[in-house]
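Commentary on secondary and tertiary structure
Chain by chain, the residues:
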Amino acid sequence: MKRIKIASLAGTVFLWVFVSCGTDLNLSPSAVPDRFNESIDGKTKPIILPRDKDPQHFNFVWLTDMHIRTDRKDYMPELGNITEHNRSRFIITSGDLTDGGERAQYNHILVEESQDLKVPLYSALGNHDLFGDGWEEFKDKIGPSTASVKYGNSQLIILDTATCEVGRDQMDWLSDTLHHSTAKHKFIFTHFCLYNKVAELPIILCDPDERFELIGLLKKYQVDFYLCGHGHYAEEVKIGDTIQIQGATASAWNNPVNSKPEYYVFTIDGNQVDYDKEYFEDIDF
Amino acid sequence: MKKNLIGLVILILVAVSAKAQEQTGAGAPAKNPEWGYQFKGIDYNYVIRTSASLSDTDIQLSSDYSFHPTWVNLTPGIEMDFSNPGLTRYFLQERINLSKYNSVVARMNHLQYERWEVGANFVNLYFQQIRPNLSWALGAVYIAQLLDDWRNPLNFNDDLYQLRMLYQVGYTWRFRQNKIDFSIGAENFTPYENYGYDQLGPYFQLGYQISQRTHLAAMADMRMVGLGTALPHLERETYSLMIDWRNLPKKPKTAQ
C-alpha cells in the first residue's frame, strides 16, 4: 500500500514538473521582449507613411483577421477597390494577416499587395502570424510588431499582443509614448482585446493585471480607439472614454461568429473622427 | 447589476435551503449549533509573485471568526504589498458550512491600483468540497472593473462588468501520522490571490503540521496562458510560505 502511495505520488510530481517545465519552454518561437527590441531598434521593415498635403483630413481602412492563405480566396482585390473608392491613405489590420505564418503566405501577400493595392498595408501581429517562423517572415515582409507613428494630428500605435501578453518593456514604452504624444487623436491597433461583454472568455488579453494597467493608460492618456480582433466576433464597447472595437474577421473563407466579413473606414476631419462599418459582400463598386 | 445581485442572493438562498434539509450522519455538524462569537484562527502568507505585469512580494493576513458554526463564518483579509505600495487588496469572505465536507463560499474582494488609477470589485461565489484527500471547487466570479470611484469597495458599477468561471481541484497525500502532507492539483484561483487568473494553473503544496494548532505550508503555483492561441506559455509564478494557526481546544493530557 505504501509503495503504491509513493509510486502514485512520484508519478504525479513527475507529471506536474513535466507540465510546468514544458510551459516554461515557451512553445512560441519568439517572445515579446525579443520582438519588441527588434522593432524598436529598427531591425524590421520600416513603416513608411504616405505623403499627404493635408494629413489633418484623411481616412484609412481598418480590418482584422484576414487569415490569408495561398489556396483560398481573400479580400485583397476588394481592398484595392475600397481604398481607391474612398481615397484612403492606408490600410491597417489588427493581426492574423496570415493563417499559418508560412513564408508562402507572406510571399503571396506581397504579390497581392503589388497587384491590387495602391496604398500601404500595415499590420499588428496576430498569433497566427507567429506560427512556424512567422516572426522572421513578418518582420521582413510586413513590418514591426511594435511601432508608433504620427500622421497629421493622429498617433497610430501598433502594439504586440500576439502571444496574449504585453510585457513590462513594451508596457513602459507604451506609457512613455502616450505621455509624450501631442496628437489630438490616438489609436491603438493590436490583436487581443481588453474586455469582452458579460462572460470573460479566453480570447482577451490573458493577464488581468496587464488588462488593468492598459485600461489605466487608455483612461489617463485619453486614447480614442483600441482596435483589436482575435475573437472572430464583432463587438463594440466603451472602456471609459475609449471605444474598443473587436473586429469580426475580414476573411473570405473564415466567417465571423456573429457577423459578416467586415472592414471599417475611419475618417479624420480635424478634431472629429467618424467611422463606418462596411461588409465586403455589400461592395458595389 | 441589480439582476446580478439578485442572482447572487438567490444562489445563497438556494444554498441555505439545501442546508435546511437537515443532514444526518457522522460528517454532519451538530443538530442544534449555537450562536456565539468564536475566534477560529489566523493565516499568514508570505507571497512572491512574478508575471509580465507585476513582480511583487507581499504579505497576506486573514483571520477567521465564527458567529454560528453553519451560517456565519467570516474571514476578513488584507494584502500588504511592500514592493508595490500602490497596490491595495482586501476581502471579506463568508462560508456557509453545508456539511462536514461541503460549503458554499461568497467573497467580496476589492483591488485598487493607485499607479494606474483603476480598481475592481469582485464577488466570488463557489461551491467547495474538502475531503481528507480530495478537494475541489467550482463557481463564478462577478467582476466590476472601475475607472471612476475606483477606491470604493462597494461600487459594483455594471458599465464594465464580466463573469468568469472559477475552478480548483487538488489531491493530498499524508505521511508520518498526518504530520506531512503533499498536495497537487490545478486551479485558476486560490485564496492567496483575490480573483481568478489565467487559464490553467498546476500547483503543488508541501505542508508540515508543527503542532496540533499550527500548520506550515509552502506552495508553488504556475499559471499558463495562450492555450486557445496554440502558443501556450507560462505567464505567472507564485511561491508562498503559509503559517496557519487554528484556535482549537487543547487536548486534555492523558492519565498516566
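Residues numbered from 1 in each chain as written. Chains lettered and ligands numbered in written order. Predicted model: local features only at pLDDT ≥ 70, side-chain atom pairs only at ≥ 80, totals over all residues.

**Considerations on the overall build of chain B**
Along its length, chain B carries 1 helix and 12 strands. Taken from N to C terminus, the helices and strands of chain B fall in the order α-β-β-β-β-β-β-β-β-β-β-β-β. In chain B, buried positions account for 30% of the 256 residues. For chain B, restricting intrachain contacts to residue pairs at least 6 apart in sequence, the fraction spanning at least 24 positions comes to 47%. (Helix = DSSP H or I, 4+ residues; strand = E, 2+ residues; numbered from the N terminus. Buried ≥ 20, exposed ≤ 12 C-beta atoms within 10 Å, placed from the backbone. Contact = placed C-beta atoms within 7 Å.)

**Examining the overall build of chain A**
The helix and strand tally for chain A stands at 7 helices and 12 strands. Counting the 285 residues in chain A, one finds 46% classified as buried. Partitioning the contacts of chain A with sequence separation of at least 6, the portion at a separation of at least 24 is 74%.

**Observations regarding the sheet that holds strand β1 (residues 57-63) of chain A**
Sheet strands associate in pairs through backbone hydrogen bonding, adopting either a parallel or an antiparallel arrangement. Residue and element names in this part refer to chain A. Read from one edge to the other, the open sheet built from 5 strands follows the order β3-β2-β1-β11-β12, with strand pairing classed as mixed. The open sheet is flanked by β3 (121-123) and β12 (272-279), the only strands paired with a single partner. Across the sheet, the mean angle from the axis of one strand to that of its neighbour is 25°, orientation sign disregarded. In this structure, strand β2 (residues 91-93) lies alongside β3, joined through 3 bridges in parallel fashion. Directly across from T93, in β3, lies its bridge partner S123. In this fold helix α3 (residues 76-86) packs onto β1, β2 and β11 (262-269), with an angle of close to 160° to the strand it touches most, β1. (Pairing = 2+ DSSP bridges. Axes fitted to C-alpha atoms, helices over the stretch in contact; angles between N-to-C directions.)

**Structural notes on the nonpolar core**
Within the largest apolar cluster, 83 residues are counted, with the highest numbers of intra-cluster contacts made by L194, Y226 and L227 of chain A. Excluding residues that lie within four positions of it along the chain, L227 of chain A makes contacts with W62, S94, F187, I188, F189, I245 and G247 of chain A. Grouped together as the second largest cluster of nonpolar side chains are 5 residues, L98, V105, Y126 and A137 of chain B included. (Core = buried A, V, L, I, M, F, W, Y, C linked by C-beta atoms within 7 Å.)

**Points about the confidence of the model for chain B**
Detail in the predicted coordinates should be disregarded across regions flagged by low pLDDT. Residue and element names in this part refer to chain B. With 80% of its residues at a pLDDT of at least 70, chain B reaches an overall mean of 82. Across chain B, the secondary-structure element scoring lowest on mean pLDDT is helix α1 (residues 2-20), at 45, and the one scoring highest is strand β10 (residues 202-209), at 94. For residues 1-28, every residue scores under 50 in pLDDT, and the model assigns this stretch 23 contacts once sequence neighbours within four places are set aside. Here the complex is predicted with pTM 0.84, and the ipTM for its interfaces comes to 0.77. (pLDDT = per-residue confidence, 0-100.)

**Quick word on the pairing of strand β1 (residues 38-51) of chain B**
Two faces belong to every sheet, and in a regular strand the side chains alternate between them. All names here are of chain B. Relative to strand β2 (residues 55-68), β1 is paired through 12 bridges, and the arrangement is antiparallel. Residue pairing across strands places R49 opposite D56, the latter belonging to β2. Counting the residues that bridge the hairpin from β1 to β2 gives 3 residues. Here β1 pairs with strand β12 (residues 233-246) via 11 bridges, running antiparallel. Among the inter-strand pairings, G41 is bridged to a residue of β12, identified as R246.

**Comments concerning unusual backbone geometry**
Residues and elements named next belong to chain B. The backbone of Q177 shows a phi angle near 50°, a positive value even though the residue is not glycine. Inspection of the secondary structure puts Q177 in the loop between β8 (161-175) and β9 (180-187). Judged by the 7 C-beta atoms lying within 10 Å of it, Q177 falls in the exposed class.

**Considerations on the sheet that holds strand β9 (residues 235-239) of chain A**
All names here are of chain A. An order of β4-β5-β6-β8-β10-β9 is seen for the 6 strands of this open sheet, with the pairing classed as mixed. The open sheet terminates on both sides in strands that have one partner only, identified here as β4 (147-151) and β9. Along the sheet, successive strands turn relative to each other by an average axial angle of 15°, direction set aside.

**Concerning the pairing of strand β6 (residues 118-130) of chain B**
Residue and element names in this part refer to chain B. Where strand β5 (residues 102-113) lies against β6, 12 bridges are found, and the strand directions are antiparallel. Of the residues in β6, the one forming a bridge with V105 is Y126. Counting the residues in the hairpin turn of β5 and β6 gives 4 residues, including E117, whose phi is positive at 55°. Counted between consecutive antiparallel strands, the loop separating β6 from strand β7 (residues 134-146) contains 3 residues.

**Describing α3 of chain A**
Residue and element names in this part refer to chain A. Of the positions making up α3, those classed as buried are M76, L79, I82 and T83. Projected down its long axis, α3 carries its buried residues within an arc of 105°, all on one side. For α3, the elements touching its buried residues are β1, β2, α4 (103-116) and β11. (Arc of directions from axis to C-beta.)

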